[in-house]
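# Breakdown of the fold
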Amino acid sequence: MSIGCKLYLVLEILTIILQDFICADISLSSLGKNSYNSYTDLHPKWGLVSNVTTQIGTHAYLPCKVKQIINKSVSWVRVRDDHILTVDRMTFIADERFQSFYVENTGLWTLQIKYVQARDAGLYECQVSTEPKVSARVHLHVVVPRTELIGDPDRYVKAGSTVVLHCVVRGALEPPSYIIWYHDAHQLLGENQQKWKIKLDRGQPDSDGDIPNVVGSLIIHNVNKRDSGNYSCSPSNSYPLQITLNVINDESSVSAVTSSATTFLCSSYYSLGLLLSSFFVLIVNVILMGPLK
């Protein structure tokens with residue numbers, strides 16, 4: 001085997017090991033009720049694109065105003081795959097969320113998309129079967145609120161203390177009507193004055209817009225070992241997030257947990273260093289000493 005082949009083989013093995021380590025390291029660190037459509041142009045102009053914005057889980061309404069047509073069909077087409085969704089009032093897609101409505105004597109055809117999903121975003125075309133064909137496009141923008149934690153998702157607290165868990169819903173067109181908290185599989189209902197309290201506060205707008213954030217808080221008084229476990233923050237209009245609470249009896253336990261985690265990480269990086277050093281030595285030997293006998 002030539003020196004070049006051996007060197008290529010060694011580098012390929014080293015690359016695989018580095019990829020596995022990086023992936024492992026990253027893994028360690030790491031339906032609304034109403035419709036809220038925002039129209040820039042209620043009636044699309046032929047040959048132009050209008051915009052409709054709605055929030056995931058709500059209903060979207062895409063308008064198309066057609067004037068003075070006799071015995072001509074009006075179709076809605078999803079542009080990304082040219083799928084015909086409706087022709088007049090008939091639906092031509094298996095997805096029952098799509099439906100077309102016509103308001104008599106107005107010329108207004110509306111495509112309704114129920115319980116909008118993120119993948120519904122994109123261009124839709126309203127077509128009239130004239131010769132030549134005339135059409136107008138509507139761009140559907142789907143807003144997906146995001147849930148974020150305030151603080152570490154893995155908490156260590158001392159028994160007897162008061163703990164406050166926070167999560168924030170950002171980017172929603174309409175604030176969540178509620179945020180439900182769970183302790184493991186048990187839903188925390190209402191308010192237990194002696195044990196916990198749930199709050200929902202409207203925060204400050206994001207820096208990139210005027211949509212206010214909403215902060216959900218769970219306050220737990222006088223925590224004990226039974227309060228340890230997984231706590232889930234579940235907003236009505238966004239995805240849930242989980243916080244792990246570890247209740248310990250004294251400060252020495254905290255030190256022990258911290259020391260153990262630090263020792264594990266240091267040991268892992270030390271082992272990686274030894275492994276990389278060995279491979280670099282092997283590469284140098286192959287280059288300088290020639291083919292292995």
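In case you missed it, the structure is sitting above this.
Residues numbered from 1 in each chain as written. Predicted model: local features only at pLDDT ≥ 70, side-chain atom pairs only at ≥ 80, totals over all residues. Heavy atoms only, no water.

Quick look at the state of the cysteines now. Applying the stated criterion across every chain yields a total of two disulfides. With its sulfur 2.0 Å from that of its partner, C64 forms a disulfide with C126. Since a negative S-S torsion denotes a left-handed disulfide, the C64-C126 link at about -70 degrees is left-handed. Taken together, the residues C64 in strand 3 (residues 60–65) and C126 in strand 9 (residues 122–128) connect sequence positions 62 residues apart. (Disulfide = S-S within 2.5 Å. Helix = DSSP H or I, 4+ residues; strand = E, 2+ residues; numbered from the N terminus.)

On to the packing of aromatic side chains. Counted by the stated rule, this structure contains one aromatic pair. Aromatic side chains Y102 and W109 sit 4.7 Å apart centroid to centroid with 35 degrees between the ring planes, which places their arrangement in the tilted category. Residue Y102 is classed as partly exposed on the basis of its relative accessible area of 25%. (Phe/Tyr/Trp six-rings, centres within 6.5 Å; stacked < 30°, edge-to-face > 60°. Buried < 20%, exposed > 50% of the residue type's maximum accessible area, 1.4 Å probe, protein only.)

Cis geometry is found at the peptide bond from E131 to P132, where omega equals 0 degrees. Here P132 is to be found in the loop between strand 9 and strand 10 (134–143). Non-glycine residue D82 carries a positive phi angle of around 55 degrees. Assignment of secondary structure puts D82 in the loop between strand 4 (74–78) and strand 5 (83–87). For D82, a relative accessible area of 59% corresponds to the exposed category. Although it is not a glycine, Y115 adopts a positive phi angle of roughly 45 degrees. Checked against the element boundaries, Y115 lands in the loop between strand 8 (108–113) and strand 9.

This model, assessed by the stated rule, comprises nine salt bridges. For D81, the salt bridge is made with R78, and the minimal N-O distance between the two is 2.8 Å. With a relative accessible area of 37%, D81 lands in the partly exposed category. With relative accessibility at 8%, the residue R78 sits in the buried group. For E125, the salt bridge identified is with K133, shortest N-O distance 3.9 Å. On the basis of relative accessibility, which here comes to 10%, the residue E125 falls in the buried class. Sharing partners across several salt bridges, the network here consists of D95, R97 and D120. (Salt bridge = Lys/Arg side-chain N within 4 Å of Asp/Glu carboxyl O.)

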